[in-house]
There are 2 protein chains.
Amino acid sequence: MCEANAYLREGGLEELFFESVDKVIPREDGLILEDIFGRRKIIKAKIAELALVDHKIILEKE
Amino acid sequence: MCEANAYLREGGLEELFFESVDKVIPREDGLILEDIFGRRKIIKAKIAELALVDHKIILEKE
């Protein structure tokens, strides 16, 4: 499976926000993240970087 | 390997833009995409959706 973990980057640190993310859908007011089990989290953030081979999605608060 | 293919969505169609993408880095003026071989493409577009289990990055022109 090629899900990734989403990290929130703040002040140079990356904190795990959501594991096993399958889908990311940007919306006007933030991002919808959905994991491989269909669970969702919404966050007012933007994608700062994807590093898929490392299974990483880096987010930054807007 | 968990790279994904990037597709450009236009008029309801999705056209393959770049294969085996590892990194995506949003910049003010568009996206930098880097494949697993280190080759880069730059496009004035935004991420419309990620579907990582399906190995898909969907882009839309800005």
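Basis of the calculations
- Residues numbered from 1 in each chain as written.
- Chains lettered and ligands numbered in written order.
- Predicted model: local features only at pLDDT ≥ 70, side-chain atom pairs only at ≥ 80, totals over all residues.
- Heavy atoms only, no water.
- Least-squares fit on C-alpha atoms with pLDDT ≥ 70 in both.
- Phe/Tyr/Trp six-rings, centres within 6.5 Å; stacked < 30°, edge-to-face > 60°.
- Buried < 20%, exposed > 50% of the residue type's maximum accessible area, 1.4 Å probe, protein only.
- Lys NZ or Arg CZ within 6 Å of the ring centre and 35° of its normal.
- Core = buried A, V, L, I, M, F, W, Y, C linked by side-chain atoms within 4.5 Å.
- Contact = heavy atoms within 4.5 Å.

**Q** I would appreciate a short explanation of the relation of the copies chain A and chain B in the present structure.
**A** The operation relating the pair of chain copies consists of a rotation about an axis and a translation along that axis. Under the fitted operation, chain A is carried onto chain B by 0.0 Å of movement along the axis and a turn of 180°, and the coordinates agree to an RMSD of 0.0 Å. These values place the two chain copies in the arrangement generated by a two-fold rotation axis. Proximity to the rotation axis, assessed at the C-alpha, singles out Cys2 of chain A in chain A; its C-alpha lies 2.6 Å from the axis.

**Q** Is there a simple way to explain the packing of aromatic side chains in this structure?
**A** Two numbers describe a pair of aromatic rings. These are the distance of the centres and the angle of the planes. Tallying each qualifying case throughout the model produces two aromatic pairs over all chains. For the ring pair Phe17 of chain A and Phe18 of chain A, a centre distance of 6.4 Å and an interplane angle of 70° mean the geometry is edge-to-face. Overall, the relative accessible area of 22% leaves Phe17 of chain A in the partly exposed class. A relative accessible area of 8% means that Phe18 of chain A is categorised as buried. If you follow Lys41 of chain B out to its NZ or CZ, it ends over the ring of Phe17 of chain B, 4.8 Å from the centre.

**Q** Even after reading the chapter, I still don't get the nonpolar core, so can you show me in this structure?
**A** Across soluble globular proteins, you tend to see nonpolar side chains buried next to one another. Membership of the largest hydrophobic core comes to 30 residues, with the highest contact counts inside it found for Leu33, Ile57 and Leu59 of chain A together with Leu33, Ile57 and Leu59 of chain B. With sequence-adjacent residues up to four places away left out, Leu33 of chain A is seen in contact with Ala6, Phe17, Phe18, Val21, Lys23, Val24, Arg39, Arg40, Lys41, Ile43 and Leu59 of chain A.

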